[in-house]
Amino acid sequence: MSNKNREKKAQMKHQPQPSEKTFIRLLKNILIVLAIIVLIIPVFLLPLTTAVPMWSWVMLAFADGVMIVVMQRFKPAVRGLSAGFLGMIVVVVLAVMASQQFAGTPVIKGSDGKPIPGSIAVLEKINLNGSAQWITIRGHDVTKPILLHLGMGGPGGGGFATRSLFEPLEKDFVVVSWDEPGTGKSYQAVPMSELTPDRFIEDAHALTVYLQQRFHQEKIYVYGVSWTSILGVWLVQRYPELYYAYIGNGQMVNTTENDVMGYELALDYLEQKGDTKTLETLRRNGPPPYTGQDVVGRYVAYLDVLNDYMNSPRYTFIVPIIPFVAPEYGYVDKINHTRGLIESFNVVYPQLADLDFMTQADKLEVPVYLFAGRDDVNAMSSLVEDYYEKLEAPKKKLIWLNGGHGLGGENIDQFVDVMVNEVLAESDSRP
């Protein structure tokens, strides 16, 4: 056999067989379809998760459609695919830019679908102690009392992710939600290394003074949950003359004692379930408080177990999801919210290891309303009850809510009822 024939035979031997060709073609098509889906998702989610107007996302969706046609029609195929994918990447960039540019808080509308006269619904950047930070201001009537919502917890949770929970209160209050420094739209307000208790207190104080002056209010109300319930107590303790009342939910009292109790409960719960793998992880981490590397990871390891105990979603699921549906956030903000919560928690929470309100804040000079979930084992209800019993205040009340940690669908109505018919009414009736 000649060398030429041998080479030809060897080439035929190494060529893909028909079945191999079919598989390679199928795999290539699957990868192309997956890449197209990934590039379409940011545009598809614009009307569902952002405040981008219809005309904008429709144009971007149309552009994506054109790029898909380009992929199919241009010859050779490699050129069509290259041009189409490049165009879709440009569309993704434009979608991200649009999500940031058009970020905003929804207008408050009446039953006729038109904005309510005298209402306010704005997303604003303001200067607090030399740093640019963001707030939303929402209410049916700008002359109503101010309720400052310090944020959803964390540290690093921010106020916009749970802003919609307070919509039922917008008829009776002007509700101000704050993205604290280090999270969400205020992610870059100050370096993470500068996040200290005093920084948060003074920024919240500056925000209070700003709201008083802007809305000509002598005093305001302040609400905190979980981590921001700590900030709320500090705030009214240092500046009692500025507040009608403090409202705490999922009140933190003694962080180290609370966390050790939660850790031990998580171990018992895992033993009963027979989850040896997670149990081993928690035992390897040891009991809190945690310092050093990956503080948030070690806390979340047992907090997610407690959430399972309370039949609540795990933090590893809800932390990226909750901000994703907030129209106040563009896509960059949504990512920064998750980044900020992790980074802020790692910096700030270890600074709370010596917190003990039983001795450090057993007397407050403003009325105090504490909401506690009956099933809450994140902020241990037994510690909240002990603190309530010891606390001295002009007026105090402990209100038990259905459910676990913080506000949810099962307790919103009760929360709103107490806020309007007790907290607000009692303040209005004082001379």
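Refer to the structure above for everything that follows.
Predicted model, so just to flag it, every value in this text is computed and none were measured.

Asks: Looking at this structure, how should I read the nonpolar core?
Replies: One broad trend across soluble globular proteins is that nonpolar side chains are buried collectively. Ranked by size, the top nonpolar core spans 74 residues in total, and within it Leu148, Trp178, Trp234, Tyr302, Phe357 and Tyr387 carry the most contacts. Discounting residues that sit within four places of it in the chain, phenylalanine 357 has contacts with Ser229, Ile230, Val233, Trp234, Gln251, Met252, Val253, Asp362 and Tyr387. If you look at the next biggest cluster of nonpolar residues, it comprises 23 residues, including Phe166, Ile399, Ile412 and Phe415.

Asks: Quick question: what am I supposed to make of helix H5 (residues 77-101) here?
Replies: Residues spaced three or four apart along an α-helix face the same direction, because each turn holds 3.6 residues. Taking 1.5 Å of rise per residue, 25 residues should cover 36 Å, and H5 covers 36 Å from first to last C-alpha, within 8% of that figure. Every buried residue of H5 is accounted for by Gly80, Gly84, Phe85, Gly87, Met88, Val91, Val92, Ala95, Ala98 and Ser99.

Asks: Mind showing me how you'd approach the environment of alanine 353 here?
Replies: The topology assignment puts alanine 353 in the loop between helix H12 (331-348) and helix H13 (357-360). With 62 residues separating them along the chain, alanine 353 and threonine 291 place their C-alpha atoms 9.8 Å apart.

Asks: Would you mind going over the packing of aromatic side chains with me for this structure?
Replies: Working definition: an aromatic ring pair is given by the centre-to-centre distance plus the angle between the planes. Counted by the stated rule, this structure contains 19 aromatic pairs. Seen in terms of ring centroids, phenylalanine 324 and tyrosine 331 are 6.1 Å apart; in terms of plane orientation they differ by 20°. Their pairing is stacked. Positioned over the ring face of tryptophan 134 is lysine 185, at 4.8 Å from the centre of the ring. Directly above the aromatic system of tyrosine 388 lies the positively charged group of lysine 396, at a separation of 4.7 Å from the ring centroid.

Asks: Help me out: how do you make sense of the pairing of strand S6 (residues 243-249) in this one?
Replies: In summary, the side chains of a regular strand alternate between the two faces of the sheet. Most of S6 is tucked away: six of the seven residues are buried. Pairing of strand S5 (residues 220-225) with S6 involves six bridges; the strand directions are parallel. Bridge pairing links isoleucine 220 to tyrosine 243 in S6. Once you follow S5 into helix H7 (residues 227-238) and on to S6, the crossover reads as right-handed.

What counts as what
- Within every chain, residues take consecutive numbers counted from 1 along the sequence as written.
- Only residues with pLDDT of at least 70 get local features here, since the model is predicted, and only at 80 or more are side-chain atom pairs given and counted; chain-wide, interface and lining totals rely on the full set of residues.
- Neither water nor hydrogens contribute to the side-chain values; these are computed over all heavy atoms in the structure.
- To form a nonpolar core, buried Ala, Val, Leu, Ile, Met, Phe, Trp, Tyr and Cys residues must be joined to one another through side-chain atoms within 4.5 Å.
- Here the term buried applies to any residue with accessible area under 20% of the maximum for its type, exposed to any over 50%, and partly exposed to those in between, with areas from a 1.4 Å probe on protein chains only.
- Contact criterion: two residues are considered in contact whenever any of their non-hydrogen atoms come within 4.5 Å of each other.
- The numbering of helices and of strands both runs from the N terminus, where a helix is a DSSP run of H or I of at least 4 residues and a strand a run of E of at least 2.
- Expected span, for any helix, means 1.5 Å times one less than how many residues it has.
- Here the aromatic set is Phe, Tyr and Trp, taking the six-membered ring for Trp, and pairing holds for ring centres within 6.5 Å; pairs whose planes are under 30 degrees apart are stacked, those over 60 apart are edge-to-face, and all others are tilted.
- Whether a charge sits over a ring comes down to the Lys NZ or Arg CZ being within 6 Å of the ring centre and within 35 degrees of the ring normal.
- By the convention used here, strands pair only if DSSP detects at least 2 bridges between them.
- Handedness of a crossover: with both strands directed away from the viewer, a clockwise path from the first strand across the helix to the second marks it as right-handed.

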